[in-house]
2 protein chains.
Amino acid sequence: MAEHNVTVESTLDALLSEKKYATIRDILSTMNPADIASVFDEMEEERLPLLFRLLPKELAAEAFVEMEPEAQELLIRGFSDSELREVLDELYVDDAVDIVEEMPANVVRRILSQADPQMRKEINEILRYPENSAGSIMTTEYVSLRPNMTVEESILRIRRTGVDKETIYTCYVTKNRTLIGLVTVKDLLLAQDDETTIEEIMETNVISVNTHTDQEEVARMFSKYDFLALPVVDAESRMVGIVTFDDAMDVMEDEVTEDMEIMGGMTPSDKTYLRSTVFDLFKHRIPWLMLLMVSATFTGLIISGFENALAAQVVLTAFIPMLMDTGGNSGSQSSVTIIRALSLGEVEFRDLPRVVWKEIRTAVMCGVTLAVACFVKIMLVDRLLLGNNEVTWLVAFVVCVTLALTVLVAKIIGCSLPLLAKKLGFDPAVMASPFITTIVDALSLLVYFGIASALLL
Amino acid sequence: MAEHNVTVESTLDALLSEKKYATIRDILSTMNPADIASVFDEMEEERLPLLFRLLPKELAAEAFVEMEPEAQELLIRGFSDSELREVLDELYVDDAVDIVEEMPANVVRRILSQADPQMRKEINEILRYPENSAGSIMTTEYVSLRPNMTVEESILRIRRTGVDKETIYTCYVTKNRTLIGLVTVKDLLLAQDDETTIEEIMETNVISVNTHTDQEEVARMFSKYDFLALPVVDAESRMVGIVTFDDAMDVMEDEVTEDMEIMGGMTPSDKTYLRSTVFDLFKHRIPWLMLLMVSATFTGLIISGFENALAAQVVLTAFIPMLMDTGGNSGSQSSVTIIRALSLGEVEFRDLPRVVWKEIRTAVMCGVTLAVACFVKIMLVDRLLLGNNEVTWLVAFVVCVTLALTVLVAKIIGCSLPLLAKKLGFDPAVMASPFITTIVDALSLLVYFGIASALLL
């Protein structure tokens, strides 16, 4: 895909230098808006305004929506007032809102002053909803029908007003602005009789969300019910807009990225990797690194506390990394599994006992298997093959018992912390490997030195 | 949501005992198929056949598709031949394929023997495509139009044949079975003149995928282009089916879950957490734990190699966990970021130099910040507050220099291994924290003891 763009870009670049504008226009006209946007994001800045003016009007607006904020801002700053008005006229309200949210204040003022009064009003309304709410990602342009319309009247209405709607395929039936049903274009087309009223064929059990519903919940409903669009109602059950499936897909993708970033021990970022500056990356990564480094003080203290034991049996030190890593890995297996199950809605807090019991049994199986394997490995490799006589069978025993117990502790902590976090209103993704590792490290060392002190000293 | 189901289930349970079948039917008729499926997945097994027979026919089939394989198998085993045929008649081909793929051989034979010959042929065709390919998730039921049809004829054709199609909103224009264009129902409805031919209004730059295209790539195209459906063509460019957005969303979700499982050091699983047995969990978790435990032998060997140094300066041991953890965290920050950027198509192998250079600069900023903080912490907490006189400023210096170098090494390895894995055709997600941690642990210990030997002994 990207290699394809490179070719198009160099071709366009060459054609621009040769002023072959008609050819450029022909090439761009064959392309999909998303691909045109990729070209714009990769081209040299000073080329953009000219290139944009070569695009057919509607395609220009569609591609504009898909561009990165940097390219959008550059283009807007170059637009004359009438050019800006033309682009705005072609935009859907929710796309206009997305753009407004990314622009600096002076650009926003210009956009709002050039938008037509109706759009300006709708943009302002959507902007009032909290970030990440259904209200903030909805569009106010949908097809509404009245219950007493016939199928024929409805189709006529769609034909008359549909061009400005983001989707015409799901139409909402309202009465005094209250949502009372929905009807699809498929229902309308397949209706046997054109005189049937909407009331007779509409689906009345309509699933809707509130303007304040979290966008993650909205995305989950899309993937559960396979909707094309989901109606959004206000506190008085009046219909105010719809969220379309493409926006839900974007939300799904963003939420997954956010989860992964948090699970990787970073604060989430809005920018793509290649567009983030080094300082952006630093800013998002240093807080967790710092916190976890400082909290590793405890593991250090535990080791210092058992310094005499370690001085007497230095061989014990060699197994610390293996115990810590296996504990960390066991814990993160459980936490990752539960974090994902939580975000898919497969488990919830009330499943805690069931989850813990399942993890305990899994941990026993994993722990015993690992302990046996580890014992064999220590006796064969460390003692026989490498001839390390300090590794007595008692040392191997201490290591292996610690290993099994560490796996058990790690899995219990790994599965319960995300559930507890969710219950307390935190993001469960925080309870992923970096955090779990730090806790499990300290606990596994305590177990290790505890058993070692009892048996070896 | 789940609590809501609990109520419905207990109500239905009570009504079943009282044999109030008409009431049950009324309740179920108001529900969405996905919600009915959730009820079936939670109800007692012996209740299911009766409950299913109470559902209106079409709703029954829609709910059936959404159920877990266990409930589906149970119901199929209880169906008479004619009941099975009725359900099959209501299914879309791709949903039938999904069900067939989950059932044991004898159930599959029964399904195929009851499906009508056309559906049997289509099921068998789809089953022949490799797992995770576009062919395996497509449906063969789409609306096809001919280029010389008028808008009016096309709408008539949709009205006549649309009821069996998974989507009617995007229609594909074919000539000798070759895909030459597409037209949406919106285009048809908004066309000014009913006598316009399809040829005149169709979009000819159609983006399609091959039957063998990986489903992850297919899902990525949906989120890039916001399609409702994507046509699938065979090696001879003949149109064979479509993938619809709901299946693409499922693929997106599954692929993310798979990525997270692999990143958490597990082999991916098809079952949800609560449906996995303890042995399933064990099976998916033990391979990585075992591998990583054995590979930790190297870290053990490094420590054994420097045993004399450690015996002389036991204080060094106390900082091993902090160095290992910070290294692991730094590495996994970079690897998670790059793995996600790879799966979103934001970076690719040719960006390697750019990525490494960005990570090096970020690592220097993070490393220096951490080293300074660590030095202050060691001198203030370990030396002054805890009065540990073994912690000299030279020890602190060794620890902090190691820390900075470990962060640098971890970030370079963390960002480059996923890119290399992708280039070599492995799943980049394998190169996440468990794997990175093991490598970084060994390297950080080598750096630590190397510097310590030079400066302290």
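From a predicted model like this one, the values you see are computed outputs, not experimental measurements. (Residues numbered from 1 in each chain as written. Chains lettered and ligands numbered in written order. Predicted model: local features only at pLDDT ≥ 70, side-chain atom pairs only at ≥ 80, totals over all residues. Heavy atoms only, no water.)

> What's the story with the overall build of chain A in this structure? I'm lost.
A tally of helices and strands in chain A yields 23 helices and six strands. Computed over the C-alpha atoms, the radius of gyration of chain A is 30 Å, more than 25% above the 23 Å expected from 2.2 N^0.38 for a compact globule of 457 residues. Principal-axis analysis of the C-alpha atoms gives chain A an extent of 90 × 60 × 35 Å. In chain A, which comprises 457 residues, the share counted as buried stands at 56%. Counting contacts in chain A only where the partners sit at least 6 residues apart, residues at least 24 apart contribute 68% of the total. Counting only carbon and sulfur atoms, one obtains 55% of the accessible surface of chain A, whose full area is about 19100 Å². The distance from the centre of the 38 positive side-chain charges to the centre of the 70 negative ones in chain A is 3 Å. (Helix = DSSP H or I, 4+ residues; strand = E, 2+ residues; numbered from the N terminus. Rg over C-alpha atoms; globule rule 2.2 N^0.38 Å. Buried < 20%, exposed > 50% of the residue type's maximum accessible area, 1.4 Å probe, protein only. Contact = heavy atoms within 4.5 Å. Areas by Shrake-Rupley, 256 points an atom, 1.4 Å probe, with all protein chains shown as cover. Lys, Arg positive; Asp, Glu negative; His and termini not counted. Charge placed at Lys NZ, Arg CZ, Asp CG, Glu CD.)

> What exactly am I supposed to notice about the pattern of salt bridges here?
Pairing between side chains of opposite charge can happen when their charged atoms approach one another. Within this structure, the stated rule accounts for 36 salt bridges over all chains. Note that E70 of chain A and R275 of chain A form a salt bridge whose closest N and O atoms lie 3.6 Å from each other. Highlighted residues: E70 of chain A in helix α6 (residues 69-78) and R275 of chain A in the loop between α16 (245-263) and α17 (278-295), separated in sequence by 205 residues. With a closest N to O distance of 3.0 Å, D280 of chain B and K271 of chain B form a salt bridge. One connected set of salt bridges, linked through shared partners, spans E68, E70 and R275 of chain A. (Salt bridge = Lys/Arg side-chain N within 4 Å of Asp/Glu carboxyl O.)

> It is not clear to me how the sheet that holds strand β1 (residues 144-145) of chain B should be interpreted in this structure. Could you clarify?
In any sheet, the strands associate via hydrogen bonds between backbone groups, in a parallel or an antiparallel arrangement. Residues and elements named next belong to chain B. Spatially, three strands are ordered β1-β2-β3 in an open sheet, and the strand pairing comes out mixed. Edge strands, defined here as strands with exactly one partner in the open sheet, are β1 and β3 (178-184). As paired elements, strand β2 (residues 170-175) and β3 share six bridges and run antiparallel to each other. Counterpart to T174 in the pairing with β3 is L179. (Pairing = 2+ DSSP bridges.)

> Can you walk me through the nonpolar core in this structure?
Within soluble globular proteins, side chains that are nonpolar tend to cluster in buried spots. If you look at the biggest cluster of nonpolar residues, it comprises 168 residues, and the most contacted ones within it are F52 of chain A together with F52 of chain B. For F52 of chain A, the contacting residues outside a window of four places in its chain are F40, A60, F64, M67, L75, F79 and V87 of chain A. Membership of the second largest hydrophobic core comes to 76 residues, among which are I320 and A371 of chain A together with Y448 and I451 of chain B. (Core = buried A, V, L, I, M, F, W, Y, C linked by side-chain atoms within 4.5 Å.)

> So what exactly am I meant to see when it comes to the sheet that holds strand β5 (residues 229-233) of chain A here?
Residues and elements named next belong to chain A. Strand order in the open sheet made by the three strands is β4-β5-β6, with mixed pairing throughout. If you trace the sheet from one side to the other, it starts and ends with β4 (209-210) and β6 (239-244), each paired once. For β5 and β6, the ladder comprises five bridges, and the chain directions are antiparallel. When the sheet's bridge partners are listed, A229 is paired in β6 with T244. Against the sheet, helix α15 (residues 215-225) makes contact with β4, β5 and β6, and its axis sits at roughly 140 degrees relative to β5, the strand it touches most. (Axes fitted to C-alpha atoms, helices over the stretch in contact; angles between N-to-C directions.)

> What is the right way to read the environment of D382 of chain B from this model?
All names here are of chain B. Within the secondary structure, D382 is located in helix α21 (residues 352-385). Judged by its relative accessible area of 9%, D382 is buried. When the C-alpha positions of D382 and T197 are compared, they lie 83 Å apart, and in sequence the two are 185 residues distant. Ignoring sequence-local partners within four residues, the contact set of D382 consists of F319, K377, G387, N388 and V391.

> In this structure, what is going on with the relation of the copies chain A and chain B? I would like to understand it.
Between the two copies of the chain lies a relationship made up of a rotation around an axis and a movement along it. For the pair chain A and chain B, the best superposition has an RMSD of 0.1 Å and corresponds to a rotation of 180 degrees with a translation of 0.1 Å parallel to the axis. This pairing of chains is accounted for by a two-fold axis. No C-alpha of chain A approaches the rotation axis more nearly than that of A311 of chain A, which lies at 3.0 Å. An overlap of 100% is found between the interface residues of chain A and their copies at the interface of chain B, pointing to a shared contact surface. (Least-squares fit on C-alpha atoms with pLDDT ≥ 70 in both.)

> Mind showing me how you'd approach the interface of chain A and chain B here?
When the parts come together, some accessible area is lost, and that loss is often what is quoted as the size of the interface. Chain A puts 128 residues into the contact, and the matching count from chain B is 128 residues. Residue K224 of chain A is joined to D35 of chain B by a salt bridge in which the shortest nitrogen-to-oxygen separation is 3.0 Å. Where chain A packs against chain B, one counts 38 residue pairs in polar contact (both at pLDDT 80 or more). (Polar contact = N/O pair within 3.5 Å; in protein donor to acceptor, adjacent residues only side chain to side chain.)

> For this particular structure, what's the right way to read helix α9 (residues 105-114) of chain B?
Residue and element names in this part refer to chain B. The complete set of buried residues in α9 reads V107, V108, I111, L112 and Q114. Looking straight down α9, one finds that the buried residues subtend no more than 170 degrees of arc, so they occupy a single side. Contacts made by the buried residues of α9 are with α6 (69-78), α7 (81-90), α8 (93-102) and α10 (117-127). (Arc of directions from axis to C-beta.)

> Teacher, can you tell me more about the side chain of E359 of chain B here?
Looking at where E359 of chain B falls in the secondary structure, it is placed in helix α21. Among the residues examined, E359 of chain B registers a relative accessible area of 0% and is labelled buried. Discounting residues that sit within four places of it in the chain, E359 of chain B has contacts with Y273, L281 and R285 of chain A together with S334, K411 and C415 of chain B.

> It is not clear to me how the pairing of strand β6 (residues 239-244) of chain B should be interpreted in this structure. Could you clarify?
Along a regular strand, successive side chains alternate from one face of the sheet to the other. Counting buried positions over the six residues of β6 of chain B gives six, a clear majority of the element. Counting the residues that bridge the hairpin from strand β5 (residues 229-233) of chain B to β6 of chain B gives five residues, and of these S237 of chain B lies at a positive phi of roughly 65 degrees.

> What's the story with a nonpolar patch on the surface in this structure? I'm lost.
A surface patch of nonpolar side chains, amounting to about 540 Å² of accessible area, comprises V364, V368, V372, V376, L380 and L384 of chain A. Within the fold, L384 of chain A resides in helix α21 (residues 352-385). (Patch = residues over 30% accessible without salt bridge, like charges linked within 9 Å, V, L, I, M, F, W, Y side chains within 5 Å.)

> Would you take a moment to explain the packing of aromatic side chains for this structure?
Note on aromatic pairs: each is described by the distance of the centres and the angle between the planes. Residues and elements named next belong to chain A. Counted by the stated rule, this structure contains 25 aromatic pairs over all chains. Judged by centre distance (6.1 Å) and plane angle (85 degrees), the ring pair of Y142 and Y172 falls under edge-to-face. One end of the pair, Y142, is in the loop between α11 (134-137) and β1 (144-145); the other, Y172, is in strand β2 (residues 170-175), with 30 residues separating them in the sequence. What makes Y172 buried here is its relative accessible area of 0%. Here a set of aromatic residues connected by ring pairs shows up, and it is made of F40, F52, F64 and F79. (Phe/Tyr/Trp six-rings, centres within 6.5 Å; stacked < 30°, edge-to-face > 60°.)

> I keep staring at the environment of R128 of chain A and nothing clicks. Help me out?
Residue and element names in this part refer to chain A. Mapped onto the secondary structure, R128 falls in the loop between α10 (117-127) and α11. Under the relative-accessibility criterion, R128 is labelled exposed at 65%. Remark: the alpha-carbon pair of R128 and G367, spanning 239 residues in sequence, is separated by 53 Å.

> Explain the confidence of the model for chain A here, please?
Keep in mind that low pLDDT regions are not for reading the predicted coordinates in detail. In the predicted model, chain A carries a mean pLDDT of 88, and 98% of its residues have values of at least 70. Of the two predicted TM-score estimates for the complex, the pTM is 0.82 and the ipTM is 0.81. (pLDDT = per-residue confidence, 0-100.)

> Which parts of the structure should I look at to understand α7 of chain B?
Residues spaced three or four apart along an α-helix face the same direction, because each turn holds 3.6 residues. Residues and elements named next belong to chain B. Residues of α7 that are buried include every one of L84, V87 and L88, and no others. Here the buried residues of α7 occupy an arc of 100 degrees about the axis, which is enough to place them on one side. Buried residues in α7 make contact with α4 (48-54), α5 (57-66), α6, α9 and α10.

> Could you clarify how one ought to interpret the side chain of D246 of chain B in this entry?
For D246 of chain B, the position within the fold is in helix α16 (residues 245-263). Put simply, D246 of chain B is tucked away with no salt bridge, and the nearest opposite charge, on K186 of chain A, sits 11 Å away. At 2.7 Å, the side chain of D246 of chain B and the side chain of T244 of chain B are in polar contact. With residues near it in sequence (within four places) discarded, D246 of chain B still touches D226 of chain A together with E166 of chain B.

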